[in-house]
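Listed below are the residues making up each chain.
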Amino acid sequence: MTELMIVGEDGALCGPGESGQIYFKSLIGGDFTYHKAPEKTEAAHLAPGVGTLGDVGYLDDEGYLFMSDRKIDMIISGGMNIYPAEIEAALDACPDIYEVAVFGVPNEEWGESVHAVVVASRPGVTADDIISFSREHLAGYKAPRSVSFVDELPKTGSGKVLKRQLREPFMGST
């Protein structure tokens with residue numbers, strides 16, 4: 001009932017295994033609009049009836065969809081697209097981390113840099129511990145450049161981490 005397409009940054013359709021923004025088209029003629037926001041509706045459409053909700057992912061060789069992140073959360077550092085969900089998944093394996101959220105912070109040289117907010121699983125964990133672990137498990141450009149620690153991550157009633165609140169203290173600096 002729905003046709004899926006993955007579209008790259010260049011606007012071209014992605015092949016199997018290539019990550020891009022997920023677009024969909026109802027094959028029974030339905031479409032969506034944002035309430036009282038025609039400009040937002042227009043921005044979310046590639047063509048009439050072909051829209052996105054801002055998710056990023058890929059289709060495998062059999063046509064199964066794998067969602068990897070949200071486009072709004074993507075970090076662009078030195079021209080590279082970095083997906084926080086991938087970094088969070090790698091850091092979840094760190095025994096020193098109870099919980100983690102990753103996002104981009106302004107960086108004068110690179111545009112953005114990777115920052116991790118960590119709830120440590122034990123006392124005495126340092127930013128260097130987290131960065132060292134990440135460098136062993138991720139490509140260098142994906143490793144956090146900075147780390148801050150909190151007692152708990154702010155969340156919605158349904159348990160979704162409020163990254164917007166975590167980002168706020170960094171948005172005035174470069």
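Residues numbered from 1 in each chain as written. Predicted model: local features only at pLDDT ≥ 70, side-chain atom pairs only at ≥ 80, totals over all residues. Heavy atoms only, no water.

Novice: Quick rundown of the overall build of the chain? Include the residues and the values.
Specialist: Check the secondary structure of the chain and you find four helices and 11 strands. Dimensions of the chain along its principal axes, counting C-alpha atoms only, are 55 × 40 × 35 Å. Across the 174 residues of the chain, 39% fall into the buried class. Taking the contacts inside the chain whose residues are at least 6 apart along the sequence as the reference set, 50% of them involve residues at least 24 apart. As presented, the chain carries roughly 10,400 Å² of accessible surface, and 53% of it is formed by carbon and sulfur atoms. Taking the 14 positively charged and 27 negatively charged side chains of the chain as two groups, their mean positions are separated by 5 Å. (Helix = DSSP H or I, 4+ residues; strand = E, 2+ residues; numbered from the N terminus. Buried < 20%, exposed > 50% of the residue type's maximum accessible area, 1.4 Å probe, protein only. Contact = heavy atoms within 4.5 Å. Areas by Shrake-Rupley, 256 points an atom, 1.4 Å probe, with all protein chains shown as cover. Lys, Arg positive; Asp, Glu negative; His and termini not counted. Charge placed at Lys NZ, Arg CZ, Asp CG, Glu CD.)

Novice: A description of the sheet that holds strand 11 (residues 146-149) should follow, citing residues and the corresponding values.
Specialist: By definition, the strands of a sheet pair up through backbone hydrogen bonds, in either a parallel or an antiparallel sense. Strand order in the open sheet made by the three strands is 9-10-11, with mixed pairing throughout. In this open sheet, the two edge strands, each paired with only one partner strand, are strand 9 (97-107) and strand 11. Looking at each pair of strands side by side, their axes are set apart by 25° on average, direction ignored. Sheet topology places strand 10 (residues 111-120) next to strand 11; four bridges connect them, and they run parallel. (Pairing = 2+ DSSP bridges. Axes fitted to C-alpha atoms, helices over the stretch in contact; angles between N-to-C directions.)

Novice: I'd like to hear about unusual backbone geometry, residue by residue, with values.
Specialist: A positive phi angle, close to 55°, is found at Lys 36, a residue other than glycine. Assignment of secondary structure puts Lys 36 in the loop between strand 2 (20-26) and helix 1 (38-43).

Novice: How would you summarise the pattern of salt bridges if you had to cite specific residues and measurements?
Specialist: Counted by the stated rule, this structure contains seven salt bridges. Here Asp 96 ties to Arg 122 by a salt bridge, and the two come within 2.9 Å at their closest N and O atoms. Of the two residues, Asp 96 sits in the loop between helix 2 (84-91) and strand 9 while Arg 122 sits in the loop between strand 10 and helix 3 (127-137), which places them 26 residues apart along the sequence. Classification of Asp 96 by relative accessible area gives buried; the value is 14%. (Salt bridge = Lys/Arg side-chain N within 4 Å of Asp/Glu carboxyl O.)

Novice: Please provide a residue-by-residue account of the nonpolar core, values included.
Specialist: The biggest cluster of nonpolar side chains holds 18 residues, and the ones touching the most others in it are Leu 91 and Val 102. Leu 91 has contacts with Ile 97, Val 100, Val 102, Ala 116, Ile 130, Phe 133, Ser 134 and Pro 144, leaving out every residue within four places of it along the chain. (Core = buried A, V, L, I, M, F, W, Y, C linked by side-chain atoms within 4.5 Å.)

Novice: Help me get a handle on the environment of Phe 66, residues and values and all.
Specialist: Relative to the helices and strands, Phe 66 resides in strand 6 (residues 65-70). A relative accessible area of 37% places Phe 66 in the partly exposed class. Once residues within four sequence positions are removed from consideration, Phe 66 is found in contact with Val 56, Gly 57, Tyr 58 and Asp 60.

Novice: Which residues make up the confidence of the model for the chain, and what values do they have?
Specialist: In the predicted model, the chain carries a mean pLDDT of 93, and the fraction of residues at 70 or more is 99%. The element-level mean pLDDT for the chain is lowest in strand 6, coming to 88, with strand 11 highest at 98. (pLDDT = per-residue confidence, 0-100.)

Novice: Tell me what's going on with the side chain of Lys 163, and back it up with residues and numbers.
Specialist: Looking at the secondary structure, you find Lys 163 in helix 4 (residues 163-167). Lys 163 has contacts with Asp 73, Pro 84, Glu 88, Ala 101 and Val 102, leaving out every residue within four places of it along the chain.

Novice: Go over a nonpolar patch on the surface with me, naming the residues and quoting the values.
Specialist: On the surface, Leu 4, Leu 65 and Met 67 cluster together into a nonpolar patch covering about 250 Å² of accessible area. With respect to the element layout, Leu 65 can be found in strand 6. Residue classification places Leu 65 among the partly exposed residues on the basis of a relative accessible area of 33%. (Patch = residues over 30% accessible without salt bridge, like charges linked within 9 Å, V, L, I, M, F, W, Y side chains within 5 Å.)

Novice: Tell me about the pairing of strand 10, and please be specific about residues and values.
Specialist: With seven of 10 residues buried, strand 10 lies mostly within the body of the structure. Regarding the hand of the β-α-β motif, the stretch spanning strand 10, helix 3 and strand 11 is right-handed. (Right-handed = clockwise from strand over helix to strand, strands pointing away.)

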